[in-house]
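# Overview (structure and organization)
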Amino acid sequence: MDQRDDTSTNTSIDDKTEDFADNPTRDTLADGLLCLLRPTIEQLDERVKATRISQEELKQHLDSLSDELKELAEHQICPLHLEKYVNKLNDAKAKISVVGNILQSSQDRLIKLNQHIHKEQNRRKALIEPSTSLTPSSTPLEPTFSSN
């Protein structure tokens, strides 16, 4: 008869938490991944900023064009029906506002992700490097007396 052991030999993640800081391979891989992701995130963040600026400029131009078309329609009797075009411009402006809001929330997420990466790198450096409180450079300077 075959006896089965019903108890699990797997350990929980809580049992492995002490091993996490002592695993140089994992730290090296994590640092490598962070170094790979950082330029991409920073580049994406810059492009989102540039796009937001462009969107805002476009929105301002559409506003001014819309105002000018309204003035033209009010002051001149024109055979063209400009209200239809003004409405199209207002619709485009609303869509640009939606895209701007999406870009803003995306940029906020990128900033948070970038901050998290910096925090994680600092935490890993603190685990890897010896405590700075024990280094001679962090101790207050004491006068030294030379013997002549």
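Everything discussed here concerns the structure shown above.
Report on the accompanying structure. Note that the coordinates shown come from a computational prediction; the quantities given were computed from them, not determined experimentally.

Taking 1.5 Å per residue as the helical rise, helix α2 (residues 24-75) with its 52 residues ought to reach 76 Å, and the 76 Å between its terminal C-alpha atoms agrees with that figure. Within α2, the full set of buried residues consists of D27, A30, L34, I41, D45, V48, Q55, L62, S66 and L69.

A word on a negative patch on the surface. Taken together, the side chains of D67, E68, E71 and E74 define an acidic patch exposed on the protein surface. Its place among the elements puts D67 in helix α2. Given the relative accessible area of 43%, D67 is considered partly exposed.

With that out of the way, let us pick up the pattern of salt bridges. Side chains bearing opposite charge may pair, as long as their charged atoms lie close to each other. Enumeration according to the criterion identifies five salt bridges in this entry. E46 is the partner of K49 in a salt bridge, and the nearest nitrogen-oxygen pair spans 3.8 Å. A residue pair is termed a helical-turn pair when its members lie 3 or 4 positions apart in one helix, as K49 and E46 do in helix α2 at three residues. What makes K49 partly exposed here is its relative accessible area of 33%. For the salt bridge of R124 with E120, the shortest nitrogen-to-oxygen distance reads 3.2 Å. Separated by four residues within a single helix, R124 and E120 lie in helix α3 (residues 83-128), roughly one turn from each other. By the burial criterion, R124 is buried, and E120 matches it. Each of D45, E46 and K49 takes part in one network of salt bridges that share partners.

A separate point is α3. Since one α-helical turn is 3.6 residues long, residues separated by three or four positions face the same way. With 46 residues, α3 ought to run about 68 Å at 1.5 Å a step, and its terminal C-alpha atoms sit 67 Å apart, in line with that. Buried within α3 we find V86, L89, I96, G100, L103, Q107, L110, N114, I117, E120, Q121 and R124.

What counts as what
- Residues numbered from 1 in each chain as written.
- Predicted model: local features only at pLDDT ≥ 70, side-chain atom pairs only at ≥ 80, totals over all residues.
- Heavy atoms only, no water.
- Helix = DSSP H or I, 4+ residues; strand = E, 2+ residues; numbered from the N terminus.
- Expected span 1.5 Å × (residues − 1).
- Buried < 20%, exposed > 50% of the residue type's maximum accessible area, 1.4 Å probe, protein only.
- Patch = residues over 30% accessible without salt bridge, like charges linked within 9 Å, V, L, I, M, F, W, Y side chains within 5 Å.
- Areas by Shrake-Rupley, 256 points an atom, 1.4 Å probe, with all protein chains shown as cover.
- Salt bridge = Lys/Arg side-chain N within 4 Å of Asp/Glu carboxyl O.
- Lys, Arg positive; Asp, Glu negative; His and termini not counted.
- Charge placed at Lys NZ, Arg CZ, Asp CG, Glu CD.

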